Amino acid sequence: MDGTETESRKLLRRLRDAMAEDRAGQARLDNITHLIADSMGTEVCSVYLFRDSETLELCATEGLKPEAVHETRMKMGEGLVGRVAKTGSVVNAADAPSAKGFRYMPETGEEIYSSFLGVPIQRLGEKLGVLVVQSKQAREFSADEVYALEVVAMVLAEMTELGAFVGEGAALSARHQQAVLIRGTTGQEGAAEGHVWLHEPRVVVTNPIAEDPHKELTRLHEAVDTLRISVDQMLAGASGGDAEQTQVLEAYRMFANSKGWMRRMEEDISRGLSAEAAVEKEQSAARSRLSQVTDAYLRDRLHDLDDLSNRLLRILTGQGRDTGAEMPSDPILIARNIGPAELLDYGRSLKGIVLEEGSVGSHAAIVARALAIPLVIHAGGLVTEALNGDHIMVDGDQGIVHLRPDDTVVAAFRDKIAMQAKAQERYASIRDKPATTKCGKTISLHMNAGLMADLPSLEGSGAEGVGLFRTELQFLVRNQMPKRSELSALYAKVLDAAGGKRVVFRTLDIGSDKVLPYMKPNDEPNPALGWRAIRVGLDKPGVMRMQLQALLRAANGRPLTIMFPFVAQYEEYTAAKAEMQKAIERERILGHPLPEKLEIGAMLETPSLAFAPDKFYEEVDFLSIGGNDLKQFFFAADRENERVRRRYDTLNVSFLTFLGNIVKRCDASGTALSFCGEDAGRPVEAVCLAAMGMRTLSMRPASIGPVKNILRSIDLDGLRRVIEDAGLRGDQSVRPAVLDYLRKQS
Ligand code: PEP
Ligand code: MG
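Cut-off values and rules
Residues numbered from 1 in each chain as written. Chains lettered and ligands numbered in written order. Predicted model: local features only at pLDDT ≥ 70, side-chain atom pairs only at ≥ 80, totals over all residues. Heavy atoms only, no water. Buried < 20%, exposed > 50% of the residue type's maximum accessible area, 1.4 Å probe, protein only. Helix = DSSP H or I, 4+ residues; strand = E, 2+ residues; numbered from the N terminus. Contact = heavy atoms within 4.5 Å. Core = buried A, V, L, I, M, F, W, Y, C linked by side-chain atoms within 4.5 Å. Domains from an automatic or database assignment. Pairing = 2+ DSSP bridges. Axes fitted to C-alpha atoms, helices over the stretch in contact; angles between N-to-C directions. Lys, Arg positive; Asp, Glu negative; His and termini not counted. Salt bridge = Lys/Arg side-chain N within 4 Å of Asp/Glu carboxyl O. Polar contact = N/O pair within 3.5 Å; in protein donor to acceptor, adjacent residues only side chain to side chain. Donors = N, O, S within 2.8 Å, 3.2 Å for Na, K, Ca; no water. Parallel < 35°, antiparallel > 145°, perpendicular 65-115°, else oblique. Nonpolar A, V, L, I, M, F, W, Y, C, P; charged D, E, K, R; others polar. Phe/Tyr/Trp six-rings, centres within 6.5 Å; stacked < 30°, edge-to-face > 60°. Lys NZ or Arg CZ within 6 Å of the ring centre and 35° of its normal. pLDDT = per-residue confidence, 0-100.

Q: Explain helix H3 (residues 79-87) here, please?
A: At 3.6 residues per turn, the α-helix brings residues three or four places apart onto the same side. Among all positions of H3, only Gly79, Leu80, Val81, Gly82, Val84 and Ala85 are buried. Buried residues in H3 make contact with strand E1 (44-50), strand E2 (55-62), strand E3 (73-75), strand E4 (91-93), strand E5 (115-123) and strand E6 (126-135). Looking one or two residues past H3, Gly88 carries a phi angle of roughly 70 degrees, positive in sign.

Below, the structure written as structure tokens:
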């Protein structure tokens, strides 16, 4: 170890002592600047902190004029200090006044200092301020000196009271006080107000400075060993799995074994940091690189490194998710991402959910919908911005999050919540009334479900039954394949809870976006067009047989309705039906009761089925249009791809005409038809579907009120004419004409 390293250790030790002293606030910060200047042999040491996201303020100094403290301010990017803040990188200038961007601050008296070294004070990518040393002697600071100052800046960043130096009585950090508006994407509609609950609270490093470097090195090595073992285990668990997952984990392992990463952390420790501070320093560096990198692959790798650092920090500090903090009574969950099982653990205790990642069709989104919790996804940067307990408002309708909202936003948002509550009251008042239109047609409204948690809504929403029970959710939220006995117990509970109302059980719809964690995934170029749903069921009938048997047993003699997903041609339906017949035969032989009534239907999710032979339409007990899939195949636009998802309107004349043709075919063959995609739950879309002749709609429970409300006020014959006229005129979408009609009606 050379002299400078010893110096930086010495400096850190002095810093630790200074921080442990009883002095608080300004006195402590003044003492720290004095000590840094003294140790580094510079005349000046100053601390500049952000008072808002754009402005830096001189908060303490040794060497500059004391009256400039809390007076001198500069904008981000202004002068050398502003440049350090903006770029997040070091400025090391022997002749500062002639350096690019230098700005003279007369009140500080800094003109006599020639050399300048400024380093950012940042914590995990969050900019807090700038630490500067200056001296009269015109010299460039050595790499070791730069390093020492960076380490000190990092220790400063850990001082929780740092923000309190900026202005009067400011709290934790200036940045963490400001109102922030983050635009994401709607995952589940609804508005919620509450307080932040971080799914993975950041680990608090309480001892950034090492007492004994040897001990810290040992701690680091032990923690890294533990980390490597856990990554190896993950990899072993995934072996035989899909290539992509293995590749990701391999990259992960490569990082865990990375010599460079290890060496840098060892160096940090030898210069005086504790093991956890060393990990955090590397993590900070990765985060600031992350904010600059646009390449998707590199970003993923930096995310990996970030994730590994978090794991390592948890190992070192023993701080897990459970930090002992108390969950607020109105928690809004904030996470980068979350699995469906973890979300179910929180259950209905959550008021809202905001994810930095996630997708509309992700399992977490499905669970959030089942629990009717407002959800915003793709809310970039929120995890770093939010602190546990922050006031937060989630607008699931518009995909907007207001963090620490100011009074005007709070007032407007509360008005919105109150209006929604009023609307709910109106819906509750028509709950037991039929959805009969002005022209006397009654539409049957059913709900979509997939979890036991959905069932209470059957009563509350006024749904006539469950028009789509997505059985795959029970498979998705588990870590292993459920047993037949478990499934039949669960289906029986669903039927019990439905109390005689019709429940349409859709058989397992996996593949595409729905990948079971315990089933070997397939490496397919186009999973949405690939081996999914009934295709899997027919090729590997074991699971389908088990499920059919579980359903028959659950019915235990009661009426049973089963629907096969993603049927693309007649023969698939007959093959699936034959499986059902076999299952019934087996049950009969075993002497088990058979359903008093059995309906077997199919989902129409591929355009091909609209053109299936008449015998298909005559044979099938009912058809349900899976509009989510049907629309994606009709327009060839991936429902999961944000770029194209909203490109084509459901109310596009071609699509409505296509749906109208399906209605005609069903009318001709007397086949019962329903529509169960997301569009059924959107009021404007729902009335258009009804106008096109659909008499049964199935939607999320929360949509039943609004859809019934609009249906009861509408003349479907008039609307049908509006749609036809728009078609004749050659409109691309009937939406403008329909909206105009609805406005005139109201
Ligand atoms: C659909 O495709 O419209 C549908 C209801 O099924 P899922 O959304 O589960 O694919
Ligand atoms: Mg579908």
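Don't stop here, the text continues.
Q: How should I be thinking about the nonpolar core in this particular structure?
A: As a rule of thumb, nonpolar side chains are buried together in soluble globular proteins. Grouped together as the largest cluster of nonpolar side chains are 119 residues, with contacts concentrated most on Phe616, Leu623, Leu659, Ile662 and Leu697. Ranked by the residues each element gives to this core, the list is headed by helix H18 (residues 541-555), at nine residues. Split by domain, this core shows at least three residues from each of two domains, domain 2 (178-201 + 323-420) and domain 4 (437-745). Not counting residues up to four positions away in its chain, the partners in contact with Leu659 are Ile625, Leu630, Phe675, Leu689 and Met694.

Q: Just to check I follow, could you spell out the sheet that holds strand E8 (residues 185-188) for this structure?
A: Taking strand neighbours across the sheet as the criterion, the eight strands line up as E7-E14-E13-E9-E10-E11-E12-E8 in an open arrangement whose pairing is mixed. Strand pairing shows two members of the sheet lacking a second neighbour, strand E7 (180-183) and E8, which therefore form its edges. Between one strand axis and the next, the sheet turns through 30 degrees on average, direction left out of account. Of the pairings in the sheet, the one linking strand E13 (residues 391-395) to strand E14 (residues 400-403) comprises four bridges and is antiparallel in character. Bridge pairing links Val394 to Val401 in E14. Along the sheet face, helix H13 (residues 407-429) touches strand E9 (191-198), E13 and E14 and points at about 120 degrees away from the line of E9.

Q: Please clarify how the side chain of Lys708 should be interpreted in this entry.
A: Along the polypeptide, Lys708 turns up in helix H25 (residues 701-711). For Lys708, which is buried and forms no salt bridge, the nearest opposite charge comes from Asp432, at a distance of 6.5 Å. For Lys708, the side chain forms a polar contact with the main-chain oxygen of Ile430, separated by 3.1 Å.

Q: Please clarify how the pairing of E7 should be interpreted in this entry.
A: Put simply, side chains in a regular strand alternate between the two faces of the sheet. Alternating residues of E7 divide into Val180 and Ile182, all buried, and Leu181 and Arg183, none buried. Sheet topology note: the E7/E14 ladder contains four bridges and is antiparallel. Each bridged residue has a counterpart across the sheet, and for Arg183 the counterpart in E14 is Ile400.

Q: I tried to follow the pattern of salt bridges on my own but got confused; where do I start?
A: Side-chain pairing between opposite charges can occur once the charged atoms of the two side chains come close. In total, this model carries 39 salt bridges according to the counting rule given. Across the salt bridge formed by Asp397 and Lys416, the nearest N and O atoms sit 3.3 Å from each other. With Asp397 in the loop between E13 and E14 and Lys416 in helix H13, this pair connects stretches of sequence that are 19 residues apart. Its relative accessible area of 30% is what places Asp397 among the partly exposed residues. For Lys416, a relative accessible area of 22% gives the class partly exposed. With a closest N to O distance of 2.7 Å, Asp614 and Arg665 form a salt bridge. Note that Asp614 is positioned in helix H21 (residues 614-619) and Arg665 in helix H23 (residues 653-669), a separation of 51 residues in sequence. Exposure remark for Arg665: the relative accessible area of 21% places this residue in the partly exposed category. Ionic contacts of the salt-bridge type, sharing partners, join the residues Arg51, Glu57 and Arg73 into one network.

Q: What's the story with the coordination of the magnesium ion (ligand 2) in this structure? I'm lost.
A: Ideal geometry at a metal centre: 109.5 degrees between donors when four sit tetrahedrally, and 90 or 180 degrees when six sit octahedrally. Distances from the magnesium ion (ligand 2) to its protein donors, Glu605 (OE) and Asp629 (OD), fall at 2.0 Å. You can see Glu605 sitting in the loop between strand E20 (598-604) and helix H20 (607-610) and its partner Asp629 sitting in helix H22 (residues 627-634), a full 24 residues away along the chain. Neither residue differs from the other here; Glu605 and Asp629 are each classed as buried.

Q: Please clarify how the packing of helix H24 (residues 683-691) against helix H27 (residues 735-745) should be interpreted in this entry.
A: The relative placement of two packed helices comes down to the angle between their axes together with the axis-to-axis distance. At a minimum axis separation of 11 Å, H24 and H27 run at an interaxial angle of 100 degrees. Of the possible angle classes, the one that applies to H24 and H27 is roughly perpendicular. For the pair H24 and H27, contact is made by Val684, Glu685 and Cys688 and by Arg735, Val738, Leu739 and Leu742, respectively. Taken together, the residues that form the contact of H24 with H27 break down as five nonpolar, no polar and two charged.

Q: Explain the sheet that holds E5 to me, please; I cannot follow it from the model alone.
A: Pairing between sheet strands relies on hydrogen bonds along the backbone, with the strands arranged either parallel or antiparallel. As summarised here, the arrangement of the six strands in space is E3-E2-E1-E6-E5-E4, forming an open sheet in which the pairing is antiparallel. Each of the sheet's edge strands pairs with one partner strand only, and the pair in question is E3 and E4. Strand-to-strand twist of the sheet, defined as the mean angle between neighbouring strand axes without regard to direction, takes the value 25 degrees. Bridging between E1 and E2 involves six bridges; their strand directions are antiparallel. Note on E2: the bridge partner recorded for Leu49 is Glu57. Its contacts with the sheet place H3 against E1, E2, E3, E4, E5 and E6, and it is angled at close to 145 degrees to E6. Here helix H4 (residues 143-157) sits on the sheet in contact with E1, E4, E5 and E6, set at roughly 35 degrees to E5.

Q: Before we go on, may I ask you to explain the packing of aromatic side chains in this structure?
A: Geometry of an aromatic ring pair is reported as the spacing of the ring centres plus the angle between the planes. This model, assessed by the stated rule, comprises 12 aromatic pairs. Among the aromatic residues, ring-to-ring pairing joins Phe611, Phe634, Phe635, Tyr648, Phe655 and Phe658 into one connected group. Looking at Arg271, its charged tip hangs above the ring of Tyr147, at a distance of 3.8 Å from the centre.

Q: When you look at the confidence of the model for the protein chain in this model, what are you seeing that I'm missing?
A: Any segment with low pLDDT has predicted coordinates that should not be analysed in fine detail. Model confidence for the protein chain is summarised by a mean pLDDT of 87, while 90% of its residues fall at 70 or above. Below a pLDDT of 50 lies the segment residues 167-174, which in the model reaches 20 contacts outside its immediate sequence neighbourhood of four places, other chains included.

Q: I keep staring at the environment of Phe50 and nothing clicks. Help me out?
A: Structurally, Phe50 is set in strand E1. On the basis of relative accessibility, which here comes to 6%, the residue Phe50 falls in the buried class. Put simply, Phe50 and Met74 are 24 residues apart on the chain and 9.5 Å apart in space, counted from C-alpha to C-alpha.

Q: What exactly am I supposed to notice about unusual backbone geometry here?
A: Of note in this structure, His70 is not a glycine but carries a positive phi near 65 degrees. Of note, His70 is situated in the loop between E2 and E3. The phi dihedral of Asn556 is positive, around 45 degrees, even though this residue is not glycine. With respect to the element layout, Asn556 can be found in the loop between H18 and strand E19 (560-564). Among the residues examined, Asn556 registers a relative accessible area of 52% and is labelled exposed.

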